[in-house]
Amino acid sequence: MTTTVAVLGTGIMGAAMARNLLRAGLEVRVWNRTRERALPLGADGATVALHAADAVAGADVVLTMPFDGTAVREVMAEAGPAMREGAVWMQSTTVGVDEVPAMAALANDLGVTYVDAPVLGTRAPAEAGQLTVLAAGPLDARETLDPVLDAIASKTVWTGEDGAQAASTRLKLVANSWVLAVSNAAGEMVALAEALDVDPRQFLDLIEGGPLDSGYLRVKAGLIMDDALTPPSFSADAAGKDAALIVAAAQNRGVRLDGAQASADRFARAVEQGHGGEDMAAAYFASFEGN
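Since we're looking at a predicted model, the values are computed, not measured. (Residues numbered from 1 in each chain as written. Predicted model: local features only at pLDDT ≥ 70, side-chain atom pairs only at ≥ 80, totals over all residues. Heavy atoms only, no water.)

Note the cis peptide between Thr230 and Pro231, where omega equals -5 degrees. Positive phi outside glycine occurs at Asp227, with the angle close to 50 degrees. On the secondary structure map, Asp227 appears in the loop between helix H10 (215-225) and helix H11 (236-251). (Helix = DSSP H or I, 4+ residues; strand = E, 2+ residues; numbered from the N terminus.)

This is the structure we're talking about:
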């Protein structure tokens, strides 16, 4: 029997995930608030729904991938009542730790199974079906999710059996704190090198092969130096949202993250300067006034 999946939110990640589900032979329905962004998936074989409720009706799995927690809550307020009893809600948008219990409670009220399932990866691994999924949910949901996970991920890390505990979201924010720090450090390195009349590549040559070297540093610095910030692998706007979630999660638990706060501020400045739709390495521009 073919698994039917509704993908709500077809941005960079959601669209790539939907295409891999289609390639795997699953029945895919898609919905996006801006419908034009979902329409290209129709040519790939997806059913493009006019309303979110139409997409989820009768689906075995509902995969949510809107921009943030507010968008997830809004779309599920519309679509949730149309889900069939016993369906699995795979919630993959990165949201705040304290938002997860309410989402799990909504799933319980709707009679569906909630799986906390944020993903690690950006555009390229998403398009290649090579994401890492961090998942928490009951054992009886895993068989239903197997064909979905096989299509979109190279690795699934199960962090627990109760999605309401937000174990996967907590781990995702820890992982993102490192990813965003490295991305910001790459931009600051390039900015400082330029200010001191040093070729940034000279620094990269200096650390090559040593303990300070990092493939991710090289990728992000390269995007800046090559003026290749579009299309984004992961946008500065989305990175700023995640940075703010990290800071809030720490503050709510009595932990001060000065570096993460500075990172969030840099992303916010880059977005204000008009770089929100560029790759998150565009935080580089926050080093300068008026860019």
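On to helix H7 (residues 139-152), then. Taking 1.5 Å as the rise per residue, H7 with 14 residues should run 20 Å; its terminal C-alpha atoms sit 20 Å apart, in good agreement. Inspection of H7 places Ala141, Arg142, Leu145, Val148, Leu149, Ala151 and Ile152 among the buried residues, and these make up the whole buried set. (Expected span 1.5 Å × (residues − 1). Buried < 20%, exposed > 50% of the residue type's maximum accessible area, 1.4 Å probe, protein only.)

Turning next to the pairing of strand S1 (residues 4-8). For S1, the tally of buried residues reaches five of five residues, placing the bulk of the element in the interior. In S1, alternate side chains face the same way, and those of Thr4, Ala6 and Leu8 on one face and Val5 and Val7 on the other are all buried. In terms of handedness, the path from S1 via helix H1 (residues 12-23) over to strand S2 (residues 27-31) forms a crossover that is right-handed. Taken together, the four bridges between S1 and strand S4 (residues 61-64) define a ladder with parallel strand orientation. Across the sheet, residue Ala6 finds its bridge partner in S4, namely Val62. (Right-handed = clockwise from strand over helix to strand, strands pointing away. Pairing = 2+ DSSP bridges.)

Turning to the nonpolar core, a few remarks are in order. Within the largest apolar cluster, 41 residues are counted, with the highest numbers of intra-cluster contacts made by Leu8, Met83, Trp89 and Phe267. Those elements giving two or more residues to this core turn out to be S1, helix H3 (52-56), helix H4 (69-79), helix H5 (100-110), helix H8 (167-195), H11 and helix H12 (258-275). The element contributing the most residues to this core is H11, with eight residues. Those residues in contact with Phe267, other than ones at most four positions away along the chain, are Leu180, Asn184, Ala236, Ala239, Gly240, Ala243, Met280 and Ala283. Within the second largest apolar cluster, 35 residues are counted, among which are Leu26, Met90, Ala126 and Ile152. (Core = buried A, V, L, I, M, F, W, Y, C linked by side-chain atoms within 4.5 Å. Contact = heavy atoms within 4.5 Å.)

Pairing between side chains becomes possible if they bear opposite charge and their charged atoms approach one another. Applying the stated rule across the entire model yields 13 salt bridges. For the salt bridge of Asp44 with Arg19, the shortest nitrogen-to-oxygen distance reads 2.7 Å. Pair noted here: Asp44 is in the loop between helix H2 (40-43) and strand S3 (47-48) and Arg19 is in helix H1, with a separation of 25 residues, a long-range link. Given the relative accessible area of 40%, Asp44 is considered partly exposed. Between Asp60 and Arg84 there is a salt bridge whose closest N-O contact spans 3.0 Å. Separated by 24 residues along the polypeptide, Asp60 in the loop between H3 and S4 and Arg84 in the loop between H4 and strand S5 (88-91) bring together distant segments of the chain. In this structure Asp60 comes out as buried when scored by relative accessible area, which is 14%. With a relative accessible area of 32%, Arg84 lands in the partly exposed category. (Salt bridge = Lys/Arg side-chain N within 4 Å of Asp/Glu carboxyl O.)

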